[in-house]
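Summary of structural features
Spelled out, the chains give:
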Amino acid sequence: MYERALDGAAVVSVGSAGVVALDVGRWSDEPDAVDQVMLARCEAPVLDVGCGPGRLVAALNARGVPALGIDISARAVAQARDRGAVALRRAVEQALPAEGRWGTVLLADGNIGIGGDPASLLRRCRLLVGPRGLVLVETDPDDDADDTTPLTLRLDDGRSSRPLPWARVGARALSLLAPPCGFAVLEHWRLQGRTVVALRAL
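Residues numbered from 1 in each chain as written. Predicted model: local features only at pLDDT ≥ 70, side-chain atom pairs only at ≥ 80, totals over all residues. Heavy atoms only, no water.

Observations regarding the overall build of the protein chain
Let me state the cut-off plainly: Labels follow the DSSP assignment, with helices taken as runs of H or I lasting at least four residues and strands as runs of E lasting at least two, numbered in each case from the N terminus. In this description the radius of gyration comes from C-alpha coordinates, and the expected globular size is given by 2.2 Å times residues to the power 0.38. Think of it in three bands: with a 1.4 Å probe and only protein chains considered, a residue is buried below 20% of the maximum accessible area for its type, exposed above 50%, and partly exposed in between. Within this scheme the basic residues Lys and Arg register as positive and the acidic residues Asp and Glu register as negative, but His and the chain ends are omitted. Taken as the charge location is NZ of Lys, CZ of Arg, CG of Asp or CD of Glu.
Regarding its fold elements, the protein chain presents 7 helices and 12 strands. For 202 residues, the compact-globule estimate of 2.2 N^0.38 gives 17 Å, and the C-alpha radius of gyration of the protein chain, at 16 Å, lies within 12% of that figure. Principal axes of the C-alpha set define a box for the protein chain whose edges measure 50 × 35 × 35 Å. A burial count over the protein chain gives 48% of its 202 residues as buried. Of the charged side chains in the protein chain, 23 are positive and 25 negative; the average position of the first set lies 5 Å away from that of the second.

Now the structure itself:
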C-alpha cells in the first residue's frame, strides 16, 4: 500500500495518532524550509534511512555531497534514482556500504519509528556513523510522544495492510533515549510544525 501511495493513491495510516494521510506529496516535492535546515547541517558522507522518493538524497547529490538513500520499497528506490539520487533497496538492519564511516545518518519524516523499536534503531545508527558522527532525527510534533503502537495503512476503498511495527517519539523522549544508545543531544529546533533533534555520537 505504501507503493500504491507513491503512485498517487489516497492512503492513510491508522495508529495511536489517529487517522493520518500519508504525506507523499511532500516526500516527492523539492526540499522545503525544514529540509533545507537539515541538509545544511549534514556532515558528509550522508546515509538517508527510509529515503522514500529521494528528495533529500537528490538535493545532497546535486550539491556535490556524497549521499546514499536506502528504502525497502522498490518503487521508492526507482523514483529516487529517477530524480538523480543514489539509492539502494535495503533495510537498515541489513549489511550496508561504509558501515562505521558515515558522517551523518538522516532519520527524516518520522523515520525514527521504523521497526517500532527506537532504541534498537539508534544503536544501529551508532554502528553506522563514524567517530563523533551525527544523526538527525525528525521527531513527532508532540514532544512527549513515546508510543510503539503498530500502525495500519488503509486505502480509500477500505482495504487495509497488516499491522506494521512503528513508533512515535517526541523530542523529550528522544533526549532520554539517546545517551544509553551512545549519543548526546547536540541541538533541536522546531520550524513550520516539524521538530528535528541532532544527536552526536559519544
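Observations concerning the sheet that holds strand β9 (residues 152-155)
Put simply, the rule is: A pair of strands is treated as paired once DSSP finds two or more bridges between them. To get an axis, a line is fitted to the C-alpha atoms, and for a helix only the part in contact is used. The angle between two axes follows their N-to-C directions and goes from 0 to 180 degrees.
Reading across the sheet, the 3 strands line up as β2-β1-β9 and stay open at both edges, with antiparallel pairing between neighbours. Edge positions in the sheet fall to β2 (18-21) and β9, since each of these pairs with one other strand and no more. Pairwise comparison of adjacent strand axes, ignoring direction, gives a mean angle of 30° for this sheet. Inspection of the sheet shows strand β1 (residues 11-15) paired to β2 by 4 bridges, in the antiparallel sense.

Details of the packing of aromatic side chains
We describe a pair of aromatic rings using the distance from one ring centre to the other and the angle between the two ring planes. The cut-off we apply is this: Think of it this way: a Phe, Tyr or Trp ring, Trp meaning its six-membered ring, pairs with another when their centres are within 6.5 Å, and the plane angle makes it stacked under 30 degrees, edge-to-face over 60, tilted otherwise. To sit over a ring, a charge needs its Lys NZ or Arg CZ within 6 Å of the ring centre and within 35 degrees of the ring normal.
Applying the stated criterion to the full structure yields 1 aromatic pair. On the basis of an interplanar angle of 50° and a centroid distance of 6.1 Å, the ring pair of Tyr 2 and Trp 27 is categorised as tilted. Of this pair, Tyr 2 sits in helix α1 (residues 2-6) while Trp 27 sits in helix α2 (residues 24-28), and the two are 25 residues apart along the sequence. Residue classification places Tyr 2 among the partly exposed positions, given a relative accessible area of 23%. According to the relative accessible area criterion, Trp 27 is buried, its value standing at 15%. Over the face of the ring belonging to Trp 189 we find Arg 41, whose NZ or CZ atom lies 4.3 Å from the ring centre.

A look at the environment of Ala 76
To be explicit about the condition: Whether two residues are in contact is decided by their heavy atoms, any of which lying within 4.5 Å being enough.
With respect to the helices, strands and loops of the structure, Ala 76 is situated in helix α5 (residues 74-82). In this structure Ala 76 comes out as buried when scored by relative accessible area, which is 0%. Measuring from C-alpha to C-alpha, the distance between Ala 76 and Val 20 comes to 20 Å, with 56 residues separating the pair along the chain. What Ala 76 contacts, discounting residues up to four positions off in sequence, is Tyr 2, Leu 6, Gly 52, Pro 53 and Asp 71.

Description of the nonpolar core
This is how the line gets drawn: Here the nonpolar core consists of buried residues drawn from Ala, Val, Leu, Ile, Met, Phe, Trp, Tyr and Cys, with membership extended through side-chain atoms lying within 4.5 Å.
Among the nonpolar cores identified, the biggest contains 29 residues, and Leu 47, Val 105, Leu 107, Val 135, Phe 183 and Leu 199 are the most heavily contacted of them. At the level of elements, β3 (46-49), β4 (67-71), β6 (102-107), α6 (118-128), β7 (129-139), α7 (171-177) and β12 (194-201) are the ones that each hand at least two residues to this core. No other element matches the 5 residues that α6 contributes to this core. Ignoring any residue separated from it by four or fewer positions in sequence, one finds Phe 183 in contact with Leu 122, Cys 125, Arg 126, Val 129, Val 135, Ala 178, Leu 199, Arg 200, Ala 201 and Leu 202. Among the nonpolar cores identified, the runner-up in size contains 23 residues, and Val 46, Leu 60, Leu 136 and Ala 198 belong to it.

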